[in-house]
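Structural characterization, general
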Amino acid sequence: MRRRSHPGADLLSALCGGRADGQALSDDAVTGLACTLLTGGGEATALALASFLANLLDHPAQLDLVRARPGLIPGAWAESLRRDPPAPVVLRRATAPIALGGTTLPAGAVVACLVGSAGRDPYRFADPDRYDIFRADPAHLAFGAGPHYCPATALAGLAAECGLRALLDAMPGLRWAPGFRSAPRGLMTRAPRRLLVRPC
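All of these numbers come straight from a predicted model, not from anything done at the bench. (Residues numbered from 1 in each chain as written. Predicted model: local features only at pLDDT ≥ 70, side-chain atom pairs only at ≥ 80, totals over all residues. Heavy atoms only, no water.)

**Comments concerning the environment of A34**
- Mapping A34 onto the fold places it in helix α3 (residues 27-39).
- With 22 residues separating them along the chain, A34 and L12 place their C-alpha atoms 7.2 Å apart.
- Residues in contact with A34, not counting those within four places in the same chain, are L12 and L15. (Helix = DSSP H or I, 4+ residues; strand = E, 2+ residues; numbered from the N terminus. Contact = heavy atoms within 4.5 Å.)

**Considering the pattern of salt bridges**
- By the definition in use, this model includes 10 salt bridges.
- The partner of D64 in a salt bridge is R67, with the nearest N and O atoms 2.7 Å apart. One end of the pair is D64 and the other is R67, both in helix α5 (residues 60-68) and three residues apart, which spans about a single turn.
- When its relative accessible area of 34% is taken as the criterion, D64 is described as partly exposed.
- A salt bridge links D127 to R130; the shortest N-O distance between them is 3.0 Å.
- What makes D127 partly exposed here is its relative accessible area of 44%. (Salt bridge = Lys/Arg side-chain N within 4 Å of Asp/Glu carboxyl O. Buried < 20%, exposed > 50% of the residue type's maximum accessible area, 1.4 Å probe, protein only.)

**Structural notes on unusual backbone geometry**
- If you check the backbone angles, D21 has positive phi at about 55° while not being a glycine.
- Note that D21 resides in the loop between β1 (19-20) and β2 (23-24).
- On the basis of relative accessible area, D21 is assigned to the exposed category, the value being 80%.
- In this structure, D127 takes a positive phi of about 45° despite not being glycine.
- Structurally, D127 is set in the loop between α7 (115-118) and α8 (138-141).

Below is the structure:
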């Protein structure tokens, strides 16, 4: 890769200079990370942004708070992802037998992880269907952390923050169009497909 021999002040150069467990990242690892970051601005982010805006428009008092205090945007975004994730069902394959719920899933079994259901688990979240930008559940505060954290998550969050700030600057009185209410659609990917608003 050209960036290894001629590094610059860009992300690709930083990845080429990165190390994991004391070893330089391979070209395949750098390419994989770059692709992950590029796709972080794709369909999942667009769907998550649609749900984010719908949640805020459904709760005008919270939208007004976010407009007045932009520092609340990251928490409002995380709460929207908890309540309405863009990919509520994620498929994974078991790499080894797993004992679960009184049975054993064999290696190779396809597992449907119900992310959307987990985000609304009443044993984990108080009043889980409510959208609340001040939610204080510990799992909400730690959203996007842990060993399987995807760097594209940070990119999507940045896109959400910049996009919402620009939208509210351009349309300071943003509200739903009279009589319109959003309706999410889809199973593997889910979000409102149409948002009718009045700008002021």
